[in-house]
Amino acid sequence: MEFLIITLLTFVYMVYYYYKKSFQYWEKKGVAQIKPSFPFGNIENPITSKGGTVMNLADLHQQFKANGEKIGGIYAGCSPMILIIDPEWLKLIVSKDFKYFNSHAAIFDEKVEPLEAHLFNLEGARWREMRVKVTPTFTSGKMKTMFNTLLECGVQLEEFIETSHKNKKDLDIKEILACFTTDVIGSCAFGLECNSFKNPKAEFRSYGRKLFESSLKFRIRNILTMISPSIVKSLKLHFTDKCSSKFFRAFIKDSFKYRKSKNVTRNDFMQLLINMENPIDELAAQGFFFFLAGFETASTTMSFCLYELAHHQNVQDKLRNEINEIIKKNDGKLSYHAMMEMKYMDQIINETLRMYPPIHTLPRLCTQNYTLPNGAIIEKGTPVFTSLLALQRDEDYFPEPNKFNPDRFSKKNKRHITPFTFLPFGEGPRICVGLRFGMMQTRVGLSLFLKNYKVAPHESTRYPMQFDNQSAILSPKGKIILKHEKLKFD
Ligand code: HEM
(Lines give C-alpha, C1' and ligand atoms only; values in the text may rest on other atoms or scores of the structure.)
Protein backbone atom coordinates (compact mmCIF):
# COMPACT_ATOMS: atom_id res chain seq x y z
CA MET A 1 0.00 0.00 0.00
CA GLU A 2 2.77 2.35 1.03
CA PHE A 3 4.61 1.56 -2.18
CA LEU A 4 1.50 2.33 -4.22
CA ILE A 5 1.04 5.72 -2.53
CA ILE A 6 4.69 6.62 -3.06
CA THR A 7 4.51 5.60 -6.74
CA LEU A 8 1.35 7.63 -7.21
CA LEU A 9 2.78 10.72 -5.50
CA THR A 10 5.99 10.43 -7.55
CA PHE A 11 3.93 10.21 -10.74
CA VAL A 12 1.81 13.24 -9.77
CA TYR A 13 4.96 15.19 -8.93
CA MET A 14 6.59 14.24 -12.24
CA VAL A 15 3.53 15.35 -14.22
CA TYR A 16 3.39 18.60 -12.20
CA TYR A 17 7.11 19.23 -12.77
CA TYR A 18 6.85 18.44 -16.48
CA TYR A 19 3.95 20.88 -16.93
CA LYS A 20 5.61 23.57 -14.80
CA LYS A 21 8.77 23.36 -16.91
CA SER A 22 6.87 23.22 -20.21
CA PHE A 23 4.84 26.30 -19.28
CA GLN A 24 8.08 28.32 -19.02
CA TYR A 25 9.00 27.72 -22.67
CA TRP A 26 7.82 31.07 -24.08
CA GLU A 27 8.89 33.13 -21.08
CA LYS A 28 12.43 31.80 -21.49
CA LYS A 29 12.39 32.80 -25.15
CA GLY A 30 11.21 36.33 -24.31
CA VAL A 31 7.85 35.77 -26.02
CA ALA A 32 4.75 37.03 -24.19
CA GLN A 33 2.40 34.33 -22.93
CA ILE A 34 -0.99 34.21 -21.24
CA LYS A 35 -1.08 32.14 -18.07
CA PRO A 36 -1.77 28.54 -19.11
CA SER A 37 -3.48 26.06 -16.85
CA PHE A 38 -3.42 22.30 -16.28
CA PRO A 39 -4.20 20.15 -18.29
CA PHE A 40 -5.18 21.99 -21.49
CA GLY A 41 -2.75 24.94 -21.38
CA ASN A 42 -4.43 27.90 -23.12
CA ILE A 43 -6.91 25.71 -24.97
CA GLU A 44 -10.35 25.46 -23.41
CA ASN A 45 -11.64 22.11 -22.19
CA PRO A 46 -13.05 20.55 -25.39
CA ILE A 47 -16.04 19.13 -23.54
CA THR A 48 -17.17 22.23 -21.67
CA SER A 49 -15.92 24.99 -23.99
CA LYS A 50 -18.74 27.25 -25.19
CA GLY A 51 -16.98 28.88 -28.12
CA GLY A 52 -14.75 26.00 -29.29
CA THR A 53 -11.34 26.53 -30.89
CA VAL A 54 -12.64 29.37 -33.10
CA MET A 55 -13.53 31.70 -30.26
CA ASN A 56 -10.74 30.41 -28.02
CA LEU A 57 -8.01 31.50 -30.48
CA ALA A 58 -9.85 34.73 -31.33
CA ASP A 59 -10.03 35.59 -27.58
CA LEU A 60 -6.32 34.87 -27.09
CA HIS A 61 -5.52 37.04 -30.14
CA GLN A 62 -7.49 39.92 -28.63
CA GLN A 63 -5.76 39.58 -25.26
CA PHE A 64 -2.28 39.70 -26.83
CA LYS A 65 -3.34 42.62 -29.04
CA ALA A 66 -4.65 44.54 -26.02
CA ASN A 67 -1.23 44.04 -24.38
CA GLY A 68 0.48 45.51 -27.45
CA GLU A 69 2.08 42.21 -28.54
CA LYS A 70 3.01 41.39 -32.14
CA ILE A 71 2.99 37.65 -31.45
CA GLY A 72 1.90 35.54 -28.51
CA GLY A 73 3.11 32.22 -27.17
CA ILE A 74 0.40 29.76 -26.21
CA TYR A 75 0.21 26.12 -25.11
CA ALA A 76 -2.08 23.36 -26.30
CA GLY A 77 -1.70 21.02 -23.34
CA CYS A 78 1.99 21.63 -22.84
CA SER A 79 2.89 21.89 -26.55
CA PRO A 80 4.03 25.40 -27.45
CA MET A 81 2.60 27.22 -30.43
CA ILE A 82 2.60 30.79 -31.75
CA LEU A 83 -0.25 33.17 -32.48
CA ILE A 84 0.62 35.91 -34.96
CA ILE A 85 -1.04 39.21 -34.06
CA ASP A 86 0.73 41.86 -36.13
CA PRO A 87 -0.04 42.03 -39.89
CA GLU A 88 3.56 42.93 -40.80
CA TRP A 89 4.84 39.85 -39.02
CA LEU A 90 2.11 37.81 -40.66
CA LYS A 91 3.44 38.99 -44.02
CA LEU A 92 6.86 37.58 -43.08
CA ILE A 93 5.40 34.20 -42.17
CA VAL A 94 3.01 33.61 -45.07
CA SER A 95 4.83 35.46 -47.83
CA LYS A 96 8.31 36.92 -47.47
CA ASP A 97 9.91 34.11 -45.43
CA PHE A 98 7.56 31.42 -46.69
CA LYS A 99 10.38 28.87 -47.04
CA TYR A 100 10.51 28.60 -43.24
CA PHE A 101 6.72 28.04 -43.02
CA ASN A 102 5.73 26.07 -46.10
CA SER A 103 3.48 23.57 -44.30
CA HIS A 104 -0.16 23.73 -43.12
CA ALA A 105 0.73 21.72 -39.98
CA ALA A 106 -1.54 18.86 -41.05
CA ILE A 107 -1.31 15.48 -39.34
CA PHE A 108 -2.25 12.60 -41.59
CA ASP A 109 -1.12 9.13 -42.54
CA GLU A 110 -1.91 8.27 -46.11
CA LYS A 111 -1.50 4.56 -45.39
CA VAL A 112 -4.46 4.88 -43.03
CA GLU A 113 -6.44 7.40 -45.14
CA PRO A 114 -5.13 7.97 -48.69
CA LEU A 115 -7.74 10.69 -49.37
CA GLU A 116 -6.00 12.95 -46.86
CA ALA A 117 -2.87 13.27 -49.04
CA HIS A 118 -4.38 16.28 -50.83
CA LEU A 119 -2.89 19.65 -51.71
CA PHE A 120 -3.98 21.37 -48.48
CA ASN A 121 -2.24 18.73 -46.36
CA LEU A 122 0.92 18.12 -48.40
CA GLU A 123 4.16 19.92 -47.63
CA GLY A 124 7.66 20.50 -48.98
CA ALA A 125 8.64 19.29 -52.45
CA ARG A 126 5.56 17.08 -52.79
CA TRP A 127 3.25 20.05 -52.16
CA ARG A 128 5.12 22.28 -54.63
CA GLU A 129 4.99 19.65 -57.38
CA MET A 130 1.27 19.07 -56.88
CA ARG A 131 0.54 22.81 -56.62
CA VAL A 132 2.20 23.40 -60.00
CA LYS A 133 0.10 20.62 -61.55
CA VAL A 134 -3.21 21.69 -59.99
CA THR A 135 -2.94 25.46 -60.56
CA PRO A 136 -3.85 25.43 -64.31
CA THR A 137 -7.20 23.82 -63.33
CA PHE A 138 -8.35 27.19 -62.00
CA THR A 139 -7.34 29.75 -64.64
CA SER A 140 -9.93 32.36 -65.68
CA GLY A 141 -10.15 30.59 -69.07
CA LYS A 142 -11.22 27.35 -67.31
CA MET A 143 -13.67 29.30 -65.17
CA LYS A 144 -15.33 30.71 -68.29
CA THR A 145 -15.83 27.23 -69.71
CA MET A 146 -17.43 26.08 -66.44
CA PHE A 147 -19.73 29.07 -66.11
CA ASN A 148 -22.61 27.54 -68.09
CA THR A 149 -22.48 24.38 -65.96
CA LEU A 150 -23.02 26.61 -62.93
CA LEU A 151 -26.05 28.21 -64.58
CA GLU A 152 -27.48 24.77 -65.39
CA CYS A 153 -27.22 23.81 -61.70
CA GLY A 154 -28.77 27.19 -60.90
CA VAL A 155 -32.01 26.20 -62.70
CA GLN A 156 -32.75 23.70 -59.92
CA LEU A 157 -31.94 26.32 -57.29
CA GLU A 158 -34.40 28.75 -58.90
CA GLU A 159 -37.07 26.06 -59.19
CA PHE A 160 -36.63 25.15 -55.54
CA ILE A 161 -37.06 28.77 -54.39
CA GLU A 162 -40.11 29.15 -56.65
CA THR A 163 -41.73 25.99 -55.22
CA SER A 164 -41.00 27.09 -51.64
CA HIS A 165 -42.59 30.43 -52.47
CA LYS A 166 -45.72 28.78 -53.89
CA ASN A 167 -45.97 26.50 -50.85
CA LYS A 168 -45.33 29.45 -48.49
CA LYS A 169 -42.32 27.59 -46.99
CA ASP A 170 -39.52 29.54 -45.34
CA LEU A 171 -35.98 28.87 -46.52
CA ASP A 172 -33.38 26.81 -44.69
CA ILE A 173 -30.65 28.85 -46.35
CA LYS A 174 -27.57 26.84 -45.52
CA GLU A 175 -29.09 23.52 -46.62
CA ILE A 176 -30.43 25.03 -49.87
CA LEU A 177 -27.09 26.55 -50.78
CA ALA A 178 -25.22 23.39 -49.84
CA CYS A 179 -27.48 21.51 -52.32
CA PHE A 180 -26.61 24.11 -54.97
CA THR A 181 -22.84 24.00 -54.39
CA THR A 182 -22.89 20.18 -54.17
CA ASP A 183 -24.59 20.06 -57.59
CA VAL A 184 -22.09 22.61 -58.93
CA ILE A 185 -18.98 20.83 -57.71
CA GLY A 186 -20.40 17.41 -58.67
CA SER A 187 -20.87 18.69 -62.19
CA CYS A 188 -17.68 20.74 -62.53
CA ALA A 189 -15.43 18.25 -60.78
CA PHE A 190 -16.87 14.92 -61.93
CA GLY A 191 -19.29 15.65 -64.78
CA LEU A 192 -22.09 14.28 -62.61
CA GLU A 193 -25.72 15.26 -61.99
CA CYS A 194 -26.02 15.07 -58.21
CA ASN A 195 -29.71 16.05 -58.04
CA SER A 196 -29.40 17.26 -54.48
CA PHE A 197 -32.60 19.34 -54.66
CA LYS A 198 -34.82 16.68 -56.19
CA ASN A 199 -33.54 13.80 -54.11
CA PRO A 200 -33.01 14.60 -50.42
CA LYS A 201 -31.07 11.34 -50.06
CA ALA A 202 -28.75 12.11 -53.01
CA GLU A 203 -25.45 10.36 -52.23
CA PHE A 204 -23.11 13.31 -52.78
CA ARG A 205 -25.20 15.56 -50.55
CA SER A 206 -25.53 12.89 -47.82
CA TYR A 207 -21.80 12.13 -47.74
CA GLY A 208 -20.97 15.83 -47.97
CA ARG A 209 -23.19 16.45 -44.94
CA LYS A 210 -21.46 13.63 -43.05
CA LEU A 211 -18.01 15.01 -43.75
CA PHE A 212 -18.81 18.33 -42.08
CA GLU A 213 -21.07 17.03 -39.33
CA SER A 214 -19.91 18.60 -36.09
CA SER A 215 -19.18 16.11 -33.36
CA LEU A 216 -17.40 15.87 -30.05
CA LYS A 217 -15.17 13.15 -31.54
CA PHE A 218 -14.04 15.58 -34.22
CA ARG A 219 -13.32 18.27 -31.65
CA ILE A 220 -11.33 15.98 -29.39
CA ARG A 221 -9.32 14.79 -32.41
CA ASN A 222 -8.72 18.41 -33.34
CA ILE A 223 -7.46 19.35 -29.88
CA LEU A 224 -5.35 16.17 -29.68
CA THR A 225 -3.75 17.16 -32.99
CA MET A 226 -2.61 20.39 -31.37
CA ILE A 227 -1.58 18.82 -28.08
CA SER A 228 0.18 15.71 -29.34
CA PRO A 229 0.36 14.91 -33.05
CA SER A 230 2.21 11.69 -32.21
CA ILE A 231 -0.79 10.34 -30.23
CA VAL A 232 -3.07 11.09 -33.20
CA LYS A 233 -0.68 9.25 -35.49
CA SER A 234 -0.18 6.24 -33.25
CA LEU A 235 -3.92 5.89 -32.58
CA LYS A 236 -4.46 6.16 -36.37
CA LEU A 237 -7.14 8.83 -35.85
CA HIS A 238 -8.19 10.66 -38.99
CA PHE A 239 -10.58 13.44 -39.94
CA THR A 240 -12.35 11.77 -42.82
CA ASP A 241 -15.49 9.80 -42.06
CA LYS A 242 -14.86 6.11 -42.99
CA CYS A 243 -18.06 5.50 -45.00
CA SER A 244 -17.67 8.75 -46.93
CA SER A 245 -14.04 7.89 -47.69
CA LYS A 246 -15.05 4.46 -49.03
CA PHE A 247 -17.74 6.03 -51.19
CA PHE A 248 -15.49 8.73 -52.68
CA ARG A 249 -12.56 6.44 -53.36
CA ALA A 250 -14.74 3.89 -55.11
CA PHE A 251 -16.54 6.61 -57.07
CA ILE A 252 -13.37 8.34 -58.27
CA LYS A 253 -11.65 5.06 -59.15
CA ASP A 254 -14.68 3.80 -61.09
CA SER A 255 -15.06 7.02 -63.07
CA PHE A 256 -11.35 7.01 -63.80
CA LYS A 257 -11.47 3.44 -65.11
CA TYR A 258 -14.65 4.12 -67.10
CA ARG A 259 -13.22 7.18 -68.80
CA LYS A 260 -9.92 5.48 -69.60
CA SER A 261 -11.49 2.31 -70.97
CA LYS A 262 -14.18 4.09 -73.04
CA ASN A 263 -11.90 6.94 -74.07
CA VAL A 264 -14.39 9.45 -72.66
CA THR A 265 -13.15 13.02 -72.21
CA ARG A 266 -15.14 15.73 -70.44
CA ASN A 267 -14.66 19.36 -69.63
CA ASP A 268 -14.30 18.97 -65.86
CA PHE A 269 -11.71 18.94 -63.04
CA MET A 270 -11.58 15.15 -63.12
CA GLN A 271 -10.39 15.25 -66.73
CA LEU A 272 -7.67 17.73 -65.82
CA LEU A 273 -6.58 15.46 -63.00
CA ILE A 274 -6.62 12.40 -65.28
CA ASN A 275 -4.43 14.28 -67.75
CA MET A 276 -1.79 14.71 -65.01
CA GLU A 277 -1.23 10.96 -65.10
CA ASN A 278 -0.55 10.70 -61.37
CA PRO A 279 -1.14 7.49 -59.37
CA ILE A 280 -4.88 6.95 -58.84
CA ASP A 281 -4.79 7.43 -55.05
CA GLU A 282 -3.14 10.83 -55.48
CA LEU A 283 -5.71 11.79 -58.07
CA ALA A 284 -8.56 10.63 -55.83
CA ALA A 285 -7.21 12.72 -52.93
CA GLN A 286 -7.13 15.93 -55.04
CA GLY A 287 -10.61 15.29 -56.49
CA PHE A 288 -11.93 14.60 -53.01
CA PHE A 289 -10.50 17.86 -51.64
CA PHE A 290 -11.93 19.90 -54.52
CA PHE A 291 -15.29 18.47 -53.54
CA LEU A 292 -14.76 19.21 -49.83
CA ALA A 293 -13.39 22.71 -50.33
CA GLY A 294 -15.72 23.50 -53.19
CA PHE A 295 -19.11 23.01 -51.62
CA GLU A 296 -18.87 23.94 -47.96
CA THR A 297 -16.83 27.17 -48.09
CA ALA A 298 -18.92 28.73 -50.86
CA SER A 299 -22.27 27.65 -49.40
CA THR A 300 -21.43 29.07 -45.95
CA THR A 301 -20.20 32.32 -47.56
CA MET A 302 -23.50 32.71 -49.44
CA SER A 303 -25.49 31.81 -46.31
CA PHE A 304 -23.70 34.38 -44.15
CA CYS A 305 -24.13 36.91 -46.94
CA LEU A 306 -27.91 36.38 -47.30
CA TYR A 307 -28.21 36.48 -43.50
CA GLU A 308 -26.58 39.93 -43.44
CA LEU A 309 -28.56 41.12 -46.47
CA ALA A 310 -31.79 40.05 -44.75
CA HIS A 311 -30.81 42.41 -41.92
CA HIS A 312 -29.70 45.21 -44.30
CA GLN A 313 -32.52 45.75 -46.76
CA ASN A 314 -31.00 48.89 -48.32
CA VAL A 315 -27.79 47.01 -49.19
CA GLN A 316 -29.88 44.14 -50.55
CA ASP A 317 -31.94 46.48 -52.79
CA LYS A 318 -28.81 48.15 -54.11
CA LEU A 319 -27.27 44.78 -54.98
CA ARG A 320 -30.50 43.59 -56.64
CA ASN A 321 -30.53 46.75 -58.79
CA GLU A 322 -26.97 46.07 -59.87
CA ILE A 323 -27.75 42.43 -60.75
CA ASN A 324 -30.86 43.28 -62.74
CA GLU A 325 -29.33 46.26 -64.55
CA ILE A 326 -26.37 44.18 -65.67
CA ILE A 327 -28.62 41.30 -66.77
CA LYS A 328 -30.81 43.79 -68.70
CA LYS A 329 -27.78 45.32 -70.42
CA ASN A 330 -26.69 41.82 -71.41
CA ASP A 331 -29.90 40.89 -73.34
CA GLY A 332 -31.60 39.43 -70.26
CA LYS A 333 -28.86 36.85 -69.64
CA LEU A 334 -26.28 36.25 -66.98
CA SER A 335 -22.92 35.74 -68.68
CA TYR A 336 -19.44 35.31 -67.24
CA HIS A 337 -18.41 38.81 -68.39
CA ALA A 338 -21.64 40.40 -67.14
CA MET A 339 -21.11 38.84 -63.75
CA MET A 340 -17.54 40.10 -63.54
CA GLU A 341 -18.89 43.64 -63.96
CA MET A 342 -20.83 43.45 -60.68
CA LYS A 343 -18.62 45.65 -58.52
CA TYR A 344 -21.06 46.12 -55.64
CA MET A 345 -21.53 42.32 -55.54
CA ASP A 346 -17.79 41.92 -54.93
CA GLN A 347 -17.84 44.57 -52.19
CA ILE A 348 -20.61 42.62 -50.46
CA ILE A 349 -18.86 39.25 -50.80
CA ASN A 350 -15.63 40.75 -49.44
CA GLU A 351 -17.42 42.28 -46.47
CA THR A 352 -19.07 38.91 -45.79
CA LEU A 353 -15.70 37.13 -45.95
CA ARG A 354 -14.22 39.79 -43.65
CA MET A 355 -16.83 39.20 -40.96
CA TYR A 356 -17.19 35.47 -41.56
CA PRO A 357 -13.97 33.89 -42.91
CA PRO A 358 -14.96 30.21 -43.48
CA ILE A 359 -11.37 29.14 -42.67
CA HIS A 360 -11.29 31.11 -39.43
CA THR A 361 -7.70 30.26 -38.46
CA LEU A 362 -4.77 30.22 -40.86
CA PRO A 363 -2.34 27.39 -40.03
CA ARG A 364 1.40 27.12 -40.70
CA LEU A 365 4.20 24.95 -39.34
CA CYS A 366 7.72 26.25 -38.83
CA THR A 367 9.89 23.93 -40.94
CA GLN A 368 13.33 25.47 -40.14
CA ASN A 369 14.43 27.52 -37.11
CA TYR A 370 13.42 31.13 -37.76
CA THR A 371 14.52 34.38 -36.12
CA LEU A 372 11.77 36.99 -35.70
CA PRO A 373 12.54 40.73 -36.10
CA ASN A 374 12.76 41.06 -32.27
CA GLY A 375 15.42 38.33 -32.09
CA ALA A 376 13.13 35.60 -30.67
CA ILE A 377 13.60 32.21 -32.32
CA ILE A 378 10.70 30.06 -33.50
CA GLU A 379 11.95 26.49 -33.38
CA LYS A 380 11.46 23.99 -36.18
CA GLY A 381 8.27 22.00 -35.55
CA THR A 382 6.35 24.85 -33.86
CA PRO A 383 2.81 25.34 -35.20
CA VAL A 384 2.01 28.98 -36.06
CA PHE A 385 -1.60 30.16 -36.19
CA THR A 386 -3.41 33.37 -37.12
CA SER A 387 -7.01 33.96 -36.09
CA LEU A 388 -8.46 35.51 -39.25
CA LEU A 389 -11.71 36.05 -37.39
CA ALA A 390 -9.98 38.23 -34.78
CA LEU A 391 -7.68 40.01 -37.27
CA GLN A 392 -10.46 40.86 -39.70
CA ARG A 393 -12.64 42.15 -36.86
CA ASP A 394 -9.94 44.32 -35.27
CA GLU A 395 -11.26 47.86 -34.84
CA ASP A 396 -7.81 49.36 -35.51
CA TYR A 397 -8.07 48.13 -39.09
CA PHE A 398 -11.85 48.02 -39.56
CA PRO A 399 -13.68 50.67 -37.49
CA GLU A 400 -16.97 49.38 -36.05
CA PRO A 401 -15.81 45.87 -36.95
CA ASN A 402 -19.08 44.12 -36.16
CA LYS A 403 -21.04 46.34 -38.53
CA PHE A 404 -21.76 44.95 -41.99
CA ASN A 405 -20.57 47.75 -44.24
CA PRO A 406 -19.68 46.83 -47.86
CA ASP A 407 -18.50 50.41 -48.49
CA ARG A 408 -15.23 49.48 -46.80
CA PHE A 409 -14.40 47.69 -50.06
CA SER A 410 -15.42 50.46 -52.48
CA LYS A 411 -12.74 51.45 -55.01
CA LYS A 412 -11.99 54.60 -53.01
CA ASN A 413 -11.89 52.99 -49.55
CA LYS A 414 -10.21 49.67 -50.20
CA ARG A 415 -6.90 51.40 -50.99
CA HIS A 416 -6.69 52.32 -47.30
CA ILE A 417 -7.03 48.77 -45.98
CA THR A 418 -3.83 47.80 -44.16
CA PRO A 419 -2.02 45.01 -46.04
CA PHE A 420 -2.36 41.54 -44.52
CA THR A 421 -5.44 42.41 -42.44
CA PHE A 422 -7.95 41.00 -44.94
CA LEU A 423 -7.01 37.53 -46.18
CA PRO A 424 -10.00 35.16 -46.22
CA PHE A 425 -8.33 33.10 -48.96
CA GLY A 426 -4.96 33.13 -47.19
CA GLU A 427 -1.86 34.69 -48.74
CA GLY A 428 1.52 33.92 -50.26
CA PRO A 429 2.42 30.78 -52.21
CA ARG A 430 -0.22 28.74 -50.33
CA ILE A 431 -3.09 31.11 -51.09
CA CYS A 432 -6.34 29.27 -51.92
CA VAL A 433 -5.94 27.70 -55.32
CA GLY A 434 -9.74 27.62 -55.83
CA LEU A 435 -10.27 31.36 -55.14
CA ARG A 436 -11.68 32.13 -58.61
CA PHE A 437 -13.99 29.15 -58.55
CA GLY A 438 -15.21 29.95 -55.01
CA MET A 439 -15.90 33.58 -55.98
CA MET A 440 -17.65 32.54 -59.19
CA GLN A 441 -19.95 30.10 -57.38
CA THR A 442 -20.80 32.74 -54.79
CA ARG A 443 -21.53 35.44 -57.40
CA VAL A 444 -23.77 33.10 -59.44
CA GLY A 445 -25.66 31.75 -56.41
CA LEU A 446 -26.35 35.24 -55.03
CA SER A 447 -27.39 36.60 -58.46
CA LEU A 448 -29.88 33.77 -59.04
CA PHE A 449 -31.24 34.07 -55.52
CA LEU A 450 -31.67 37.80 -55.37
CA LYS A 451 -32.71 38.81 -58.88
CA ASN A 452 -36.38 37.98 -58.26
CA TYR A 453 -36.60 37.51 -54.51
CA LYS A 454 -36.25 39.58 -51.41
CA VAL A 455 -35.05 37.85 -48.22
CA ALA A 456 -35.93 38.92 -44.67
CA PRO A 457 -35.16 37.52 -41.21
CA HIS A 458 -37.47 34.89 -39.77
CA GLU A 459 -38.69 35.29 -36.16
CA SER A 460 -36.28 32.49 -35.15
CA THR A 461 -33.22 34.21 -36.68
CA ARG A 462 -30.96 35.73 -34.05
CA TYR A 463 -28.67 38.70 -34.67
CA PRO A 464 -25.69 38.86 -34.23
CA MET A 465 -24.73 35.43 -35.47
CA GLN A 466 -23.77 32.69 -33.05
CA PHE A 467 -21.24 30.17 -34.28
CA ASP A 468 -21.24 26.40 -34.05
CA ASN A 469 -18.44 25.61 -31.60
CA GLN A 470 -17.80 22.09 -32.92
CA SER A 471 -17.54 22.75 -36.61
CA ALA A 472 -14.28 22.56 -38.61
CA ILE A 473 -15.05 25.67 -40.59
CA LEU A 474 -16.86 28.79 -39.40
CA SER A 475 -20.54 27.80 -39.38
CA PRO A 476 -23.72 29.23 -37.93
CA LYS A 477 -25.09 27.59 -34.81
CA GLY A 478 -28.24 25.81 -35.93
CA LYS A 479 -30.10 26.71 -39.09
CA ILE A 480 -30.45 30.07 -40.79
CA ILE A 481 -34.11 30.38 -41.69
CA LEU A 482 -35.12 33.30 -43.89
CA LYS A 483 -38.44 34.50 -45.26
CA HIS A 484 -38.69 35.36 -48.93
CA GLU A 485 -40.95 37.45 -51.07
CA LYS A 486 -41.24 37.37 -54.83
CA LEU A 487 -40.72 40.75 -56.51
CA LYS A 488 -42.52 41.83 -59.66
CA PHE A 489 -40.59 43.82 -62.23
CA ASP A 490 -42.00 45.80 -65.20
C1 HEM B 1 -15.37 31.09 -50.50
C2 HEM B 1 -14.66 30.04 -50.81
C3 HEM B 1 -13.30 29.67 -50.27
C4 HEM B 1 -12.57 30.18 -49.22
C5 HEM B 1 -12.95 31.33 -48.29
C6 HEM B 1 -11.32 29.44 -49.17
C7 HEM B 1 -10.31 29.68 -48.24
C8 HEM B 1 -9.10 29.02 -48.24
C9 HEM B 1 -8.01 29.30 -47.33
C10 HEM B 1 -8.01 30.34 -46.22
C11 HEM B 1 -6.99 28.46 -47.64
C12 HEM B 1 -5.61 28.40 -46.94
C13 HEM B 1 -4.71 29.43 -47.62
C14 HEM B 1 -3.38 29.66 -46.93
O15 HEM B 1 -2.92 28.79 -46.19
O16 HEM B 1 -2.76 30.73 -47.12
C17 HEM B 1 -7.42 27.64 -48.74
C18 HEM B 1 -6.64 26.67 -49.35
C19 HEM B 1 -7.08 25.85 -50.37
N20 HEM B 1 -8.31 25.92 -51.00
FE21 HEM B 1 -9.77 27.27 -50.66
N22 HEM B 1 -11.33 28.49 -50.16
C23 HEM B 1 -12.51 28.60 -50.86
C24 HEM B 1 -12.90 27.85 -51.95
C25 HEM B 1 -12.17 26.84 -52.53
C26 HEM B 1 -12.58 26.05 -53.66
C27 HEM B 1 -13.88 26.26 -54.43
C28 HEM B 1 -11.59 25.14 -53.90
C29 HEM B 1 -11.48 24.06 -54.96
C30 HEM B 1 -12.42 23.64 -55.74
C31 HEM B 1 -10.55 25.36 -52.92
C32 HEM B 1 -9.39 24.63 -52.82
C33 HEM B 1 -8.35 24.92 -51.96
C34 HEM B 1 -7.09 24.18 -51.93
C35 HEM B 1 -6.75 22.98 -52.82
C36 HEM B 1 -6.30 24.76 -50.93
C37 HEM B 1 -4.89 24.33 -50.52
C38 HEM B 1 -3.89 25.17 -51.30
C39 HEM B 1 -2.46 24.86 -50.93
O40 HEM B 1 -2.19 24.46 -49.81
O41 HEM B 1 -1.59 25.02 -51.81
N42 HEM B 1 -10.93 26.40 -52.10
N43 HEM B 1 -8.69 27.99 -49.10
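Reading the values: the criteria
- Residues numbered from 1 in each chain as written.
- Predicted model: local features only at pLDDT ≥ 70, side-chain atom pairs only at ≥ 80, totals over all residues.
- Heavy atoms only, no water.
- Donors = N, O, S within 2.8 Å, 3.2 Å for Na, K, Ca; no water.
- Helix = DSSP H or I, 4+ residues; strand = E, 2+ residues; numbered from the N terminus.
- Near = heavy atom within 4 Å.
- Polar contact = N/O pair within 3.5 Å; in protein donor to acceptor, adjacent residues only side chain to side chain.
- Nonpolar A, V, L, I, M, F, W, Y, C, P; charged D, E, K, R; others polar.
- Patch = residues over 30% accessible without salt bridge, like charges linked within 9 Å, V, L, I, M, F, W, Y side chains within 5 Å.
- Areas by Shrake-Rupley, 256 points an atom, 1.4 Å probe, with all protein chains shown as cover.
- Salt bridge = Lys/Arg side-chain N within 4 Å of Asp/Glu carboxyl O.
- Buried < 20%, exposed > 50% of the residue type's maximum accessible area, 1.4 Å probe, protein only.
- Pairing = 2+ DSSP bridges.
- Axes fitted to C-alpha atoms, helices over the stretch in contact; angles between N-to-C directions.
- Contact = heavy atoms within 4.5 Å.
- Core = buried A, V, L, I, M, F, W, Y, C linked by side-chain atoms within 4.5 Å.

Colleague: Account for the coordination of the iron atom of the ligand, with residues named and values stated.
Modeller: When four donors bind a metal tetrahedrally, each ideal donor-metal-donor angle is 109.5 degrees, and when six bind octahedrally, the ideal angles are 90 or 180 degrees. If you check the protein contacts of the iron atom of the ligand, you find one donor only, Cys-432 (SG), at 2.3 Å. Locating Cys-432 in the fold gives a position in the loop between α18 (411-414) and α19 (435-450).

Colleague: So what about the site of the ligand? Which residues, and what values?
Modeller: Taken together, 27 residues sit near the ligand, with His-104, Trp-127, Arg-131, Arg-364 and Cys-432 positioned nearest. Here an oxygen atom of the ligand and a side-chain polar atom of Arg-430 are 2.9 Å apart. The dominant element in the shell around the ligand, judged by the number of residues it contributes, is helix α13 (residues 280-311), at six residues. The residue inventory of the shell around the ligand, partitioned by class, reads 16 nonpolar, seven polar and four charged.

Colleague: Can you tell me about a nonpolar patch on the surface, naming the residues and giving the values?
Modeller: A cluster of nonpolar side chains, Met-1, Leu-4, Ile-5 and Leu-9, forms an exposed patch at the surface whose accessible area comes to about 480 Å². With respect to the secondary-structure elements, Ile-5 resides in helix α1 (residues 2-22). In this structure Ile-5 comes out as partly exposed when scored by relative accessible area, which is 43%.

Colleague: Summarise unusual backbone geometry; cite the residues concerned and give the values.
Modeller: Of the consecutive residues Phe-38 and Pro-39, the connecting peptide bond is found in the cis state with omega at 0°. Locating Pro-39 in the fold gives a position in the loop between α2 (25-29) and α3 (52-66). In the segment running from Tyr-463 into Pro-464, the intervening peptide bond is cis, with an omega of 0°. Here Pro-464 lies in the loop between β8 (453-457) and β9 (481-486). The phi dihedral of Ala-105 is positive, around 60°, even though this residue is not glycine. Take Ala-105: it is sitting in the loop between α4 (87-96) and α5 (124-134). Not every positive phi belongs to a glycine, and Asp-331 is a case in point at roughly 55°. The topology assignment puts Asp-331 in the loop between α14 (313-329) and α15 (336-340).

Colleague: Tell me about the sheet that holds strand β7 (residues 383-387), and please be specific about residues and values.
Modeller: Strand order in the open sheet formed by four strands is β1-β2-β7-β4, with mixed pairing between adjacent strands. Strand pairing shows two members of the sheet lacking a second neighbour, β1 (71-76) and β4 (361-365), which therefore form its edges. This sheet shows a mean twist of 30° between the axes of neighbouring strands, independent of strand direction. Summarising the sheet, strand β2 (residues 79-84) and β7 pair through two bridges and their orientation is parallel. Note on β7: the bridge partner recorded for Leu-83 is Phe-385. α3 rests against β1, β2, β4 and β7 of the sheet, and its axis sits at about 140° to β1.

Colleague: Describe the sheet that holds β8, and please don't skip the residues or the numbers.
Modeller: With respect to topology, three strands assemble into an open sheet ordered β3-β9-β8, the strand pairing being antiparallel. In this open sheet, the two strands that pair with only one neighbour each are β3 (171-172) and β8. One ladder, built from two bridges, connects β3 with β9; its direction is antiparallel. Residue pairing for β9: Leu-171 is matched across the bridge by Leu-482.

Colleague: Before we move on, could you go through the pattern of salt bridges and cite the residues and values that matter?
Modeller: For the structure shown, the criterion picks out 22 salt bridges. The salt bridge partner of Arg-209 is Glu-175, with a shortest N-O separation of 2.9 Å. You can see Arg-209 sitting in helix α8 (residues 203-212) and its partner Glu-175 sitting in helix α7 (residues 173-190), a full 34 residues away along the chain. Residue Glu-175 is classed as partly exposed on the basis of its relative accessible area of 25%. A salt bridge links Lys-403 to Glu-400; its shortest N-O distance comes to 4.0 Å. Judged by relative accessible area, Lys-403 falls into the partly exposed class, the value being 43%.

Colleague: A description of the nonpolar core should follow, citing residues and the corresponding values.
Modeller: Membership of the largest hydrophobic core comes to 98 residues, with the highest contact counts inside it found for Leu-306, Leu-309, Phe-437, Met-440 and Phe-449. The leading source of residues in this core is α13, at 16 residues. Those residues in contact with Leu-309 that lie beyond four places of it in its chain are Val-315, Gln-316, Leu-319, Ile-348, Phe-404 and Leu-450. By size, the runner-up hydrophobic cluster in this structure holds 30 residues, among which are Phe-23, Ile-93, Ala-376 and Leu-391.

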